[in-house]
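This is what each chain is made of:
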Amino acid sequence: MATTTLTPVATRSRSALYAWLTTTDHKKIGILYVINSFIFFFIGGLLALGVRTELAQPGLQFVTAAAYNEMFTMHATFMIFLFVIPMLAGFGNYIVPLQIGAPDMAFPRINALSFWMLPLGGILLLLSFVTGGSAAAGWTSYAPLSEDRALAATGTGQDLWIVALVLIGTSSILGAINFLVTMFKMRAPGMTLFRMPIMVWTVLVTSVLVLMATPVITSALIMLFIDRNYGGAFFDPSRGGDAILYQNIFWFYSHPAVYVMVLPAMGMVSEILPVFSRKPLFGYKAFIFATAAIGALGFSVWAHHMFTTGAVYLPFFSIMTFLIAVPTGVKMFNWVFTMWGGQIMLKTPLLFALGFLSMFLIGGINGAFSASVPVDFALHDTYWVVAHLHYVLFGGSVFGIMGGFYYWFPKMTGRMMNETVGKTQFVLMFIGFNLTFFPMHELGLLGMPRRIADYSSTAGWNDLNLLATFGGFTIAASMGLFLWNVFLSLRSGAVAGDDPWEANTLEWATTSPPPAYNFDHLPEIRSERPVFDARHGRAVVDH
Amino acid sequence: MTTDSHLAIPEEHNPLASMPHDTHGGISNPVLGMLLFITSEVMFFGGLFAAYFSIRASAAQWPPNNPQTNEPFHLQVLPIVSTDGIISVSFVLIATILLVLSSFSCQYAVWKIRSDDRTRFLRAMAVTIALGIVFLLMQVTDYAILGSEGLTLSSGTYGTTYYTLTGFHGAHVFGGVIMLAVVLYRGMVGQFSSKHYDAVEGASLYWHFVDVVWILLFSLLYLLPGKTPTT
């Protein structure tokens, strides 16, 4: 059209950076989330390598015990609060509006605010390393240890940690509100709730968890801050306070947070499996109800982290914890039967999804052991727990995130990722992961406690620790391959086209990358697979 | 049509024009957002209340003794004149009544903007803000009086819970006053009408929430009978 005015190219390139810094486009914000999360993933990964290097042999070779405390505390803090949770929120940001056929999130400027709080929180945490040492009381920051100002380990760094976590939590809460309003109010015509893709459903349940749980840890952090800085007595038993109270409030958030960290990864896997099996998801509604059940049950199990305190009602929390295995098992059946009889395309996203399935299964089973009270009394605070949580959060969430990254990278950038490098990365990561964390089961059973910088050379833990360290560096090598693949694919990856995977959901009905307004036109939405319907003629299925 | 459609957004790509989302009826985006935000605030205060109940339940005596006088702390509801003629001032009951009244004036403002009565809407909004500010001033005065009597943030669990709970409530009143002031300003420049008043509705919901929290706090801190140690 002659009257259409195009923005001059020169102006566009000059303001490209400015445009990224001030964007309210959910896709750009989503990509910013992903980049920011990967930066902190690599920082957290370096700290993990530090931990593994120190533990490779008995004795203190590389760091002091105090520095070791900082390393494992900040490793967990970065990985949980600045990598897994925001990474999944970032994918949600990019994918959810596209999958429900919306032009953007409901509150685009609040969306930008949610994002920018994260690097700010991250910088505060990083600053703590140069202001007299970071937080070092573990990522759980249990009182009274975290309140003891006499300890060098809990100086200014602990306060910065509290402030950063409140910021990051506020970011999560605002993000959750944004997701929920977007899902409830911005769906395209025809996109009923029970036609929403599973990824959207998992982000919905996650958002409810964030909305209900995150403010509670904010309250715990604020009480901790008041105790530390203004002479409060909340968690100080010597003045009538209650140290167990901190644990209760902390875990009331931090157990649901476990599901915040895994449900969207389950959503990603549930997008990948049907596409690469050429079948619809088996039991779509059962999956949704299982997700909701996990979310609801997630609020009733927090005290299983506190069995050994003797201050919680053991049978209730034990039974509720076992109950969570039921909806999780339902999902396992959903996934396995989705692949059953399908035409499996063994591409990299599917490999990572299979990695998720197998590793998360192990993480579920070794978790069920600890749900049993007598077993937990033996295993509490040993390396068994470290093995369990990494099988869930690394074997589960990180494999899911990697799968999602390979799956949606073509949509986000318009380029395919390299399959050969991708598959090599998967194999290396899978082997490295199991070398690192499988021996920790054995170490836990042998009685090795977590959070120790040194151990006796005669305890029989030497070989397994060395093996775990070797595995840790194998994971690092696989991440090097990943970075190489991203670089390679951005520079010279094959052009993806709109729908390289012949997928099902609406994000594949627009260009790669999508325009700022997302869709030129939407296909008719008559099922949870509108793009499949459009490709294969009108659907007859109606939910 | 140009080949690169990403560069320019033609008229028909106006998101709202091209995609008729269900904007008719139902709850509006800002109001739903505010309700969800209030949900998160309920959970935040839930954490603080849980701490209060837990500490209170495990204490042998509540309120505990004031180290300055060796008498139990006492939060006074009514202003009283003692036998020696000294008036003990307590603003809390007056402040409570004013805050409850402000909820009514706030709702009145919402009803008035719904019927396009902008003058009464603005007046009611101004009254609400004034009541909120008076509440805050009374709270500050009360803090000063209580502090002089020995009740401080660092004077044990009683002071810590009292100041944390009422302090965070006060901070929320302050936030609410700012929110209402923005609404008042936007109303004065004519941004609201019976067809467009989501921000008024949202701010009003928030104000009611803050009011309800205070009623709970007032009942807990001032009215709920304490317990004496069983000897």
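The model shown is predicted, which means the values in this text are computed figures rather than measured ones.

Novice: Please give an account of the overall build of chain A that cites residues and values.
Specialist: Each helix and strand counted, chain A has 16 helices and zero strands in total. A compact globule built from 543 residues should have a C-alpha radius of gyration of about 24 Å, and chain A, at 23 Å, falls within 12% of that. By principal-axis analysis of the C-alpha atoms, chain A measures approximately 75 × 50 × 40 Å. Looking at chain A as a whole, 56% of its 543 residues qualify as buried. Considering only intrachain contacts with a sequence separation of at least 6, the fraction spanning at least 24 residues in chain A is 82%.

Novice: Explain the overall build of chain B to me, and be specific about the residues and the numbers.
Specialist: If you tally the helices and strands in chain B, you get six helices and four strands. What you see in chain B, going N to C, is helices and strands ordered as α-α-β-β-β-β-α-α-α-α. Scored against the burial criterion, the 231 residues of chain B give a buried share of 31%. Partitioning the contacts of chain B with sequence separation of at least 6, the portion at a separation of at least 24 is 71%.

Novice: How would you summarise the confidence of the model for chain B if you had to cite specific residues and measurements?
Specialist: All names here are of chain B. For chain B, per-residue confidence averages 86 on the pLDDT scale, and residues scoring 70 or more make up 84% of the total. For chain B, helix α1 (residues 15-18) is the element with the lowest average pLDDT, namely 44, and helix α5 (residues 157-188) is the one with the highest, namely 97. In the predicted structure, residues 1-24 sits below a pLDDT of 50 and forms 26 contacts with residues beyond four places in sequence or in another chain.

Novice: Could you give an account of the packing of helix α3 (residues 26-55) of chain A against helix α5 (residues 108-127) of chain A, naming the residues involved and the relevant values?
Specialist: Residues and elements named next belong to chain A. Interaxial distance between α3 and α5 falls to 10 Å at its minimum, and their mutual angle equals 15 degrees. One finds that α3 runs roughly parallel with respect to α5. Helix-helix and strand crossings are classified by hand; for α3 and α5 the assignment is left-handed. Of the residues in α5, those touching α3 at H26, I29, L32, Y33, N36 and F40 are P108, N111, A112, F115, L118, P119 and G122. Taken together, the residues of the contact of α3 with α5 break down into nine nonpolar, four polar and no charged.

Novice: Lay out the environment of A:T182 with the relevant residues and their values.
Specialist: Residues and elements named next belong to chain A. Mapped onto the elements of the fold, T182 is located in helix α6 (residues 156-185). Along the chain, T182 and A106 lie 76 residues apart, while their C-alpha atoms are 4.8 Å from each other. With residues near it in sequence (within four places) discarded, T182 still touches V96, P97, A102, M105 and A106.

Novice: Outline the packing of α6(A) against helix α2 (residues 29-58) of chain B, listing residues and values.
Specialist: The contact between α6(A) and α2(B) brings their axes to 9 Å, and the two run at 140 degrees. Considered as vectors, α6(A) and α2(B) are oriented oblique to each other. As α6(A) runs across α2(B), the sense of the crossing is right-handed. Along the contact surface, α6(A) presents A:I173, A:I177, A:L180, A:V181, A:F184 and A:K185, while α2(B) presents B:N29, B:L32, B:G33, B:L36, B:F37 and B:S40. Residues of the contact of α6(A) with α2(B), tallied by class, amount to eight nonpolar, three polar and one charged.

Novice: Could you give me a rundown of the environment of B:L216, with the residues and numbers involved?
Specialist: Assignment of secondary structure puts B:L216 in helix α6 (residues 198-223). With 167 residues separating them in the primary sequence, B:L216 and B:F49 have C-alpha atoms 9.8 Å apart.

Novice: Any chance you could break down helix α14 (residues 419-445) of chain A for me, citing the residues and the numbers?
Specialist: Residue and element names in this part refer to chain A. For α14, built from 27 residues, the straight-helix expectation of 39 Å at 1.5 Å per residue is met to within 8% by its first-to-last C-alpha distance of 39 Å. Of all the bends in α14, the largest measures some 25 degrees and sits at L435, one to four residues before the proline P439. In the segment just after α14, G447 is the residue with positive phi, at about 100 degrees.

Novice: Provide a residue-level description of unusual backbone geometry, including the pertinent values.
Specialist: Cis geometry marks the peptide bond from A:S512 to A:P513; its omega dihedral reads -10 degrees. With respect to the secondary-structure elements, A:P513 resides in the loop between α15 (462-492) and α16 (530-535). With a phi angle near 50 degrees, A:E502 is a residue other than glycine that sits in the positive phi range. One can find A:E502 in the loop between α15 and α16. In this structure, B:D116 takes a positive phi of about 65 degrees despite not being glycine.

Criteria and thresholds
- Residues numbered from 1 in each chain as written.
- Chains lettered and ligands numbered in written order.
- Predicted model: local features only at pLDDT ≥ 70, side-chain atom pairs only at ≥ 80, totals over all residues.
- Helix = DSSP H or I, 4+ residues; strand = E, 2+ residues; numbered from the N terminus.
- Rg over C-alpha atoms; globule rule 2.2 N^0.38 Å.
- Buried ≥ 20, exposed ≤ 12 C-beta atoms within 10 Å, placed from the backbone.
- Contact = placed C-beta atoms within 7 Å.
- pLDDT = per-residue confidence, 0-100.
- Axes fitted to C-alpha atoms, helices over the stretch in contact; angles between N-to-C directions.
- Parallel < 35°, antiparallel > 145°, perpendicular 65-115°, else oblique.
- Left-handed = near helix turned anticlockwise from the far one by under 90°.
- Nonpolar A, V, L, I, M, F, W, Y, C, P; charged D, E, K, R; others polar.
- Expected span 1.5 Å × (residues − 1).
- Bend = angle between axes of the 7 residues up to and from the residue.

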